[in-house]
Each structure stands twice: as C-alpha cells, then as structure tokens.
Amino acid sequence: MEKENTQTASDSKSLEITKKAIEMLKTVYDPEIPVNIYDLGLIYKIDYDPTDEVLHVDMTLTAPNCPAADFILEDVRQKLLSIEGPKSVDLRLVFEPVWDKDLMSEEAKLELGFL
C-alpha cells in the first residue's frame with residue numbers, strides 16, 4: 001500500500017509540474033506570430049520525472065531555419081527553469097514529426113484566420 005501512495009504522490013507531483021509548464025509555455029511567443037508556442041502546437045512532449053527532478057520537454061519550430069529560434073529556445077528554457085520543483089530542464093529541439101498547422105489549437109487557428 002505504501003508503494004501505491006508513493007506512486008500516487010509522484011503522479012500528482014508530475015501532473016502539477018506539467019500544468020505549471022503549460023502555463024509558462026503559453027507565455028512564450030514566436031516574435032513573428034501572435035499566438036503562443038503551446039497553442040501553435042510546437043510542444044511535442046512535457047514529462048516531469050520526480051526521481052531525478054528533471055523536466056523533459058521536446059519542442060519544434062514552425063520552420064527549421066526559424067530566425068527567432070535562439071530567442072524562443074532561451075525564453076522557453078528560462079520560463080521553465082522558473083517553475084518551482086524541477087532542478088533542471090532537458091529541452092530538446094526536434095523536427096520529427098514535421099510541424100504543420102494541423103497541430104495548432106482551435107484558438108490558434110481562429111486567431112490566425114485558418115477557421
């Protein structure tokens with residue numbers, strides 16, 4: 001029973017950290033697009049591991065040669081590091097699968113005139 005309680009507490013902590021990460025990611029914008037990177041569908045994975053206290057995030061960009069890539073990545077890293085709980089952030093830039101507008105939230109599509 002104790003292991004089950006530990007697992008539940010661990011899951012609860014992971015969920016809490018994930019929610020905080022999403023809140024922070026919704027404050028990061030591509031300077032050329034008036035929609036946050038989370039709603040744009042640029043975040044592929046958010047996984048907090050309470051055993052090593054590392055927040056693992058996989059993200060992409062709208063284009064591999066995005067001129068604002070360094071700015072966006074640094075903004076993401078700084079905002080995720082400000083979350084109480086994780087000791088570090090493992091931020092990975094990935095390009096598989098390739099991003100396209102189908103990954104955007106309904107709100108983002110509406111904001112950008114795709115609906």
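Heads up: the structure comes first, above all this text.
The present account deals with the structure reproduced in this document. (Residues numbered from 1 in each chain as written. Predicted model: local features only at pLDDT ≥ 70, side-chain atom pairs only at ≥ 80, totals over all residues. Heavy atoms only, no water.)

Here strand β2 (residues 54-59) runs beside strand β3 (residues 88-93); their pairing, made up of 6 bridges, is parallel. Each bridged residue has a counterpart across the sheet, and for Leu-55 the counterpart in β3 is Val-89. Between β2 and its parallel partner β3, the chain crosses via helix α2 (residues 69-81), and the hand of that crossover is right-handed. (Pairing = 2+ DSSP bridges. Helix = DSSP H or I, 4+ residues; strand = E, 2+ residues; numbered from the N terminus. Right-handed = clockwise from strand over helix to strand, strands pointing away.)

Nonpolar side chains in soluble globular proteins tend to end up buried together. Core analysis: the biggest nonpolar cluster contains 29 residues, and Ile-37, Leu-55, Met-59, Ile-72, Val-76 and Leu-80 have the highest contact counts within it. Secondary-structure elements contributing two or more residues to this core are α1 (2-25), β1 (43-49), β2, α2 and β3. Setting aside residues up to four positions removed in sequence, Ile-72 forms contacts with Val-28, Tyr-29, Asp-30, Pro-31, Ile-37, Met-59, Leu-61 and Cys-66. (Core = buried A, V, L, I, M, F, W, Y, C linked by side-chain atoms within 4.5 Å. Buried < 20%, exposed > 50% of the residue type's maximum accessible area, 1.4 Å probe, protein only. Contact = heavy atoms within 4.5 Å.)

Attention now moves to the sheet that holds β1. Strand order across the open sheet formed by 3 strands is β1-β2-β3, with mixed pairing between neighbours. The open sheet terminates on both sides in strands that have one partner only, identified here as β1 and β3. Going from strand to strand, the sheet's axes swing by 10° on average, the running direction of each strand aside. Where β1 meets β2, 6 bridges bridge the pair, whose relative direction is antiparallel. From the neighbouring strand, Asp-47 faces β2, where its bridge partner is His-56. Packing of α2 onto the sheet brings it into contact with β2 and β3, and relative to β3 it is tilted by some 155°. (Axes fitted to C-alpha atoms, helices over the stretch in contact; angles between N-to-C directions.)

A separate point is the side chain of Asp-39. Structurally, the position occupied by Asp-39 is in the loop between α1 and β1. For the buried residue Asp-39, which engages in no salt bridge, the nearest side chain bearing the opposite charge is Lys-26, 4.2 Å off. Among residues more than four places away in sequence, those in contact with Asp-39 are Lys-26, Met-104, Ser-105 and Ala-108. (Lys, Arg positive; Asp, Glu negative; His and termini not counted. Salt bridge = Lys/Arg side-chain N within 4 Å of Asp/Glu carboxyl O.)

Bringing the environment of Leu-55 into the picture now. With respect to the helices, strands and loops of the structure, Leu-55 is situated in strand β2. Exposure remark for Leu-55: the relative accessible area of 0% places this residue in the buried category. For the pair formed by Leu-55 and Asp-90, sequence separation is 35 residues and the distance between their alpha carbons is 6.0 Å. Residues contacting Leu-55, with those up to four places away along its chain left out, are Ile-17, Ala-21, Ile-46, Asp-47, Tyr-48, Leu-80, Ile-83, Pro-86, Ser-88, Val-89 and Asp-90.

The topology assignment puts Ser-14 in helix α1. In this structure Ser-14 touches Tyr-48 and Pro-50, once residues within four positions along its chain are discounted.

Moving on to α2. Over its 13 residues, α2 runs 18 Å from end to end, which matches the ideal 18 Å to within 8%, given 1.5 Å per residue. Among the residues making up α2, those that are buried are Ala-69, Ile-72, Leu-73, Asp-75, Val-76 and Leu-80. End-on view of α2: buried residues confined to an arc of 160°, all on one side of the axis. (Expected span 1.5 Å × (residues − 1). Arc of directions from axis to C-beta.)

Each neighbour pair has its own omega, and for Glu-96 with Pro-97 the value is -5°, a cis peptide bond. Here Pro-97 is to be found in the loop between β3 and α3 (106-111).

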